[in-house]
Amino acid sequence: MKQLFLSVFIVVFNYLPSLSQSDTTIRYYGKSRKETTKDSAISYVKFYRQANLWHGVEYYTKGNVLKSEGDYNETNVETAVGSVNYYLENGKLDYTIDYADGKPLNKTYFYKSGDKRSYTVYSDKGIELQKGWDETGREIKNFVVEREARFKGGEEGWKKYLQKNLNATLAADLGLAAGTYEVQVQFTVNKDGIPTNLKAVSVPPKCKACGAEVLRVLRESPAWEPAILNNEPIVSEVSRTIAFQPVQGVK
């Protein structure tokens, strides 16, 4: 009888780890939170099944330091549910975001002391509310929690600058068929607003000159308004798509 009990115990004991392992998934992420291979990842997430959700614990690959932790509908970082905490590489809590099916509802930043630093409320239209406090807890007027880098004058100012400086008839001058020739560029806007690291990441094969023209216009661009994070300018990456459209019938 004792021998039979021991055999059953061994079978059950060996079976349990396989159950646990099947409920764990690891995914690797690179820049811009895009999934990638283990060798090129800057972070990885271990997803553990908990009831109807997946609990994700993310680590920096360098040093295996905790980066974020929260619940998700699926085994990816696109479907967060409830509160997700994000940490600095020194282990301090940086900010918390409340999600609903992957959509951010609000974000709270914290000082190293743990006191609230800023608060943002989001809607389908974008940012609805932004507030910030100094380290004594006093609210700071006109506080900007986050804002993307932008051309001075906003999108309207950017369009006017292109209309004045871009050779919009370039594709037609080259005798290209009617259509749309899009150039996608990426660049860095430094804290002083100067665009640097200009790169044409997508250029029409039939209009290489279009890519060169867009880069020229960006190099001659006046300073932009830098991105803002917690009321301070930061370095940020910007992507823009500019289209050239020859007049219908021109070949």
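Scroll up to find the structure.
Since we're looking at a predicted model, the values are computed, not measured. Starting afresh in each chain, residues are numbered from 1 along the sequence in its written order. Side-chain atom pairs in this predicted model are given and counted only at pLDDT of 80 or more, local residue features only at pLDDT of at least 70, and totals for whole chains, interfaces and linings cover all residues. Here the side-chain values reflect all heavy atoms present in the structure, with hydrogen atoms and water set aside.

**Remarks on the packing of aromatic side chains**
- Any two rings among Phe, Tyr and Trp, with Trp reduced to its six-membered ring, count as a pair given centres within 6.5 Å; such a pair is stacked if its planes are under 30 degrees apart, edge-to-face if over 60, and tilted if neither. Here the structure, examined in full by the defined rule, presents eleven aromatic pairs.
- Aromatic pair Y28 and Y44: ring centres 6.2 Å apart, planes at 45°, arrangement tilted. Here Y28 is found in strand 1 (residues 24-29), whereas its partner Y44 is found in strand 2 (residues 43-50), with 16 residues between them in sequence.
- Here the aromatic rings of Y86 and Y95 are separated by 4.6 Å at their centres, their planes lie at 15°, and the arrangement is stacked.
- With relative accessibility at 11%, the residue Y86 sits in the buried group. Each helix is a run of DSSP H or I of at least 4 residues and each strand a run of E of at least 2, with the numbering of both proceeding from the N terminus. Each residue gets one of three labels from its accessible area relative to the maximum for its type: buried under 20%, exposed over 50%, partly exposed in between, using a 1.4 Å probe on protein chains only.

**Topic: the state of the cysteines**
- The definition used for a disulfide is geometric: two cysteine sulfur atoms within 2.5 Å. Counting across every chain of the model gives one disulfide.
- The disulfide that involves C207 links it to C210, with 1.9 Å between the sulfurs. On the sign convention where negative is left-handed, the bridge of C207 and C210, at about 70° about the S-S bond, is right-handed.

**Description of the pairing of strand 15 (residues 236-244)**
- Burial along strand 15 is one-sided: S236, V238, R240, I242 and F244 are buried, while E237, S239, T241 and A243, pointing the other way, are not.
- DSSP calls a pair of strands paired once it identifies at least 2 bridges connecting them. Sheet analysis places strand 11 (residues 181-189) next to strand 15, joined by nine bridges and oriented antiparallel. If you follow Y181 over to strand 15, its bridge partner there is F244.

**Digging into the environment of K107**
- Relative to the helices and strands, K107 is located in strand 7 (residues 103-110).
- The class of K107 is buried, set by a relative accessible area of 11%.
- Measuring from C-alpha to C-alpha, the distance between K107 and Y122 comes to 8.4 Å, with 15 residues separating the pair along the chain.
- Any two residues whose heavy atoms approach within 4.5 Å at even a single point are treated as in contact. With sequence-adjacent residues up to four places away left out, K107 is seen in contact with Y95, T96, I97, S118, Y119, T120, Y122 and E146.
- Whenever two N or O atoms come within 3.5 Å, that pair is a polar contact, provided that in protein one can donate a hydrogen and the other can accept it, and provided that, for residues adjacent in sequence, both atoms are side-chain atoms. A distance of 3.2 Å separates the side chain of K107 from the side chain of E146, its partner in a polar contact.

**Overview of the sheet that holds strand 12 (residues 195-202)**
- Across the sheet, which stays open at both edges, the three strands sit in the order 12-11-15 with antiparallel pairing between neighbours. The sheet is open, and its two edges are formed by strand 12 and strand 15, each paired on a single side. With strand direction ignored, the average angle separating the axes of adjacent strands in the sheet is 25°.
- Across five bridges, the pairing between strand 11 and strand 12 is antiparallel. Residue pairing across strands places Q184 opposite S202, the latter belonging to strand 12. For helices, the fitted axis covers only the stretch in contact; all axes are lines through C-alpha atoms, and the angles between them, taken along N-to-C directions, range from 0 to 180 degrees.

**Looking at the packing of helix 2 (residues 154-165) against helix 4 (residues 208-219)**
- Packing of helix 2 against helix 4 brings their axes to within 11 Å, and their N-to-C directions diverge by 115°. For the element pair helix 2 and helix 4, the recorded crossing hand is right-handed. Note on element contacts: helix 4 touches helix 2 through E213, R216, V217 and L218, opposite W158, Y161, L162 and N165.
- Three residue categories are used. Nonpolar comprises Ala, Val, Leu, Ile, Met, Phe, Trp, Tyr, Cys and Pro, charged comprises Asp, Glu, Lys and Arg, and polar comprises the others, including Gly. Here the contact of helix 2 with helix 4 is composed, by residue class, of five nonpolar, one polar and two charged. With the far helix as reference, a near helix turned anticlockwise by less than a right angle produces a left-handed crossing, and one turned clockwise produces a right-handed crossing.

**Considerations on helix 2**
- Between its first and last C-alpha atoms helix 2 spans 17 Å; for twelve residues at 1.5 Å apiece the expected length is 16 Å, and the two agree.
- Every buried residue of helix 2 is accounted for by G157, W158, Y161 and L162. In a view along the axis of helix 2, the buried residues occupy a sector of 135°, so they form one face of it. Of the exposed residues in helix 2, the ones pointing more than 90 degrees away from its buried face are K160, Q163 and K164.
- Of the surrounding secondary structure, the elements contacted by the buried residues of helix 2 are helix 4 and strand 15. Expected span of a helix, by definition, is 1.5 Å for each gap between consecutive residues, and there is one gap fewer than residues. The directions from the helix axis to the C-beta atoms form the arc being described.

**Concerning the sheet that holds strand 14 (residues 232-234)**
- On the basis of which strands lie adjacent, the open sheet formed by three strands has the order 10-13-14 and antiparallel pairing. Each having just a single partner strand, strand 10 (146-147) and strand 14 make up the two edges of the open sheet.
- Sheet topology places strand 13 (residues 227-229) next to strand 14; three bridges connect them, and they run antiparallel. Pairing of I228 across the sheet is with P233, part of strand 14.

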